[in-house]
Structure formats: structure tokens, C-alpha cells
Amino acid sequence: YDMIQDTTGEEPVYYPYTHAALDFTPGNASTLALASGHITLDGNFIVGFKIKPDISNTVVLGSNSIDSEIFKLLNDTTIRIKNDSDSADFVLGSESTTDSSYYVVSRDSSNVVTVYKDGTGDDFNDSTQTITGTFDINCMGRKSGGTPNYYDGLILEMVIFKGNTDAGASDIINGLHN
């Protein structure tokens, strides 16, 4: 899938040499979206992202047309993962969501979702929760609705694997770490 931005003023800034990252600015409504449709995650999946957020209460990945489809840094200690029928809050013990970090979110065939921060789930009070339903993703940097919670900061890498994949969570963790 290729995500695009047709409005020049809303494009995230690309830093190829200093960060190799996209810089999203809420004041510019910076987002990237699929030209049409959604990535539908209705079974097993793995989502990984390497980020350097400037603030919390910001959406890393979501849908700009379907409400409540989000991977969100809810506040300084909580990541909210929400879809059309279910949601869960993953609360960090001593770490912060605004740290420069990488996250891997995996869901198995039993709808058990595990979140890893910087390679481990140990930083969360409960890194494994059940989330049923379908995730419809089509946008980096915002969610649908009147309060889009535009992402603020750098996104260095994003990977999405749908269904049974040969790449497990540990492989994605190693890839984002290096």
C-alpha cells in the first residue's frame, strides 16, 4: 500500500539525511492516507512503528473516514488501541509514550493483542489484552471525526503485516531495533 498526500501544505516534511523520517505537524494537518479503501485487519496482524513524538494525545495510525479506528498515544502513560467494536488501554509503568521508541502490536487468532515497547512488554502494567473486531486503517497521523488528534513528531518507520505471516513479532522487533 502507498500512502499519499495530495495537498502540498498538509504533507509531512521528509528528512532523508538527518532523521530518515517524516515530520508530522498538527498545525499543518500533516497526514498520509491511502488513495482509496482501507487496510482491513480482521484476524492475525502485526503493526510496528518507530516514532519520536513531541506530545501525547496524538494518533499514530487510524482511519480518516471511519470513527474509532486508532493506534493512539492517549496520554503520557497510555496507548489506546481501538476499532469498530472494542478497545483497550495499555498503561506504561515507568516509561512515557512520548519517548523516542518503537512499538510492535500483534494480534493472534484468539484476538489476544500484545504490545511491545522497545522490544519488551515488561514496561506495561498489562501488555496483553483481548480486542475483537476489525481494524480499518487508511491514514498515518490522524483519526476521523471533529477532533482528529493529528500526530505531532517524527515517524521513522511503519510496517503492517496482515494474516499469518512468516515474520513474527520478534522478527519485527529486531528489525525496528536495528
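J.: Before we go on, may I ask you to explain the environment of Y116 in this structure?
T.: By the element assignment, Y116 lies in strand β12 (residues 112–117). Put simply, Y116 and Y103 are 13 residues apart on the chain and 5.5 Å apart in space, counted from C-alpha to C-alpha. Residues in contact with Y116, not counting those within four places in the same chain, are Y102, Y103, V104, S106, G121, F124, A169 and I173.

J.: Can you help me understand the packing of aromatic side chains in this one?
T.: Two aromatic rings are characterised by how far apart their centres lie and by the angle between their planes. Taken as a whole, this structure holds 5 aromatic pairs when the rule is applied. Between F49 and Y103 the ring centres are 5.6 Å apart and the planes differ by 35°, which places this aromatic pair in the tilted class. With a gap of 54 residues between them, F49 in strand β6 (residues 45–53) and Y103 in strand β11 (residues 101–107) connect regions that are remote in the sequence. Of the two residues examined, F49 and Y103, each falls in the buried class. By way of ring pairs, the aromatic residues F45, F71 and F135 are connected into one cluster.

J.: Even after reading the chapter, I still don't get the side chain of S144, so can you show me in this structure?
T.: Along the chain, the position of S144 falls in the loop between β15 (139–140) and β16 (153–162). In terms of polar contacts, S144 uses its side chain to reach the side chain of D67, at 3.0 Å. What S144 contacts, discounting residues up to four positions off in sequence, is S63, N64, S65, I66 and D67.

J.: Looking at this structure, I do not really get the pairing of strand β7 (residues 58–62). What am I missing?
T.: Where a strand is regular, its side chains alternate between the two sheet faces. In terms of residue burial, β7 counts as a mostly covered element, since 5 of its 5 residues are buried. Here β7 pairs with strand β8 (residues 70–73) via 4 bridges, running antiparallel. Bridging from a neighbouring strand, T58 pairs with L73 of β8.

J.: Where do I start with unusual backbone geometry in this structure?
T.: Working note: non-glycine residues mostly have negative phi, and peptide bonds are mostly trans. Despite not being glycine, N57 has its phi angle at roughly 55°, a positive value. Mapped onto the fold, N57 is located in the loop between β6 and β7. Even without being a glycine, N149 presents a positive backbone phi close to 50°. Residue N149 is classed as buried on the basis of its relative accessible area, which comes to 12%.

J.: What's the story with the nonpolar core in this structure? I'm lost.
T.: Side chains that are nonpolar tend, in soluble globular proteins, to be buried together. If you look at the biggest cluster of nonpolar residues, it comprises 30 residues, and the most contacted ones within it are I51, F71, I81, F90, V115 and F135. Examining the composition of this core, we find that 4 residues originate from one element, β6, more than from any other. When sequence neighbours within four positions are dropped, the list of residues in contact with F90 reads T77, T78, I79, I81, V113, V115, F124, D126, S127, T128, Q129 and I131.

J.: How should the pattern of salt bridges be read in this particular structure?
T.: Two side chains bearing opposite charge may form a pair once their charged atoms approach each other closely. One pass over the structure, following the stated rule, counts 4 salt bridges. Of the charged contacts, one joins D89 and R80 as a salt bridge, the two residues approaching to 2.7 Å between their closest N and O atoms. Its relative accessible area of 30% is what places D89 among the partly exposed residues. D118 serves as the salt-bridge partner of K117, at 3.8 Å between the closest nitrogen and oxygen. Residues participating in the shared-partner salt-bridge network are E95, D99, K117 and D118.

J.: Can you walk me through the environment of I39 in this structure?
T.: Summarising the element assignment, I39 is placed in strand β5 (residues 39–41). With 97 residues separating them along the chain, I39 and D136 place their C-alpha atoms 5.7 Å apart.

J.: Before we go on, may I ask you to explain the sheet that holds β11 in this structure?
T.: The pairing of strands in a sheet happens through backbone hydrogen bonds and is either parallel or antiparallel. The strand order β2-β3-β16-β6-β11-β12-β13 describes an open sheet built from 7 strands, whose pairing is antiparallel. Both edges of this open sheet fall to β2 (13–15) and β13 (128–130), since each of them pairs with a single strand only. Each adjacent strand pair in this sheet contributes to an overall mean axis angle of 25°, direction not counted. Pairing analysis gives 3 bridges linking β12 to β13, with the strands arranged antiparallel.

Procedures and definitions
- Residues numbered from 1 in each chain as written.
- Predicted model: local features only at pLDDT ≥ 70, side-chain atom pairs only at ≥ 80, totals over all residues.
- Heavy atoms only, no water.
- Helix = DSSP H or I, 4+ residues; strand = E, 2+ residues; numbered from the N terminus.
- Contact = heavy atoms within 4.5 Å.
- Phe/Tyr/Trp six-rings, centres within 6.5 Å; stacked < 30°, edge-to-face > 60°.
- Buried < 20%, exposed > 50% of the residue type's maximum accessible area, 1.4 Å probe, protein only.
- Polar contact = N/O pair within 3.5 Å; in protein donor to acceptor, adjacent residues only side chain to side chain.
- Pairing = 2+ DSSP bridges.
- Core = buried A, V, L, I, M, F, W, Y, C linked by side-chain atoms within 4.5 Å.
- Salt bridge = Lys/Arg side-chain N within 4 Å of Asp/Glu carboxyl O.
- Axes fitted to C-alpha atoms, helices over the stretch in contact; angles between N-to-C directions.

Everything listed here is a matter of geometry and, on its own, says nothing about what the molecule does.
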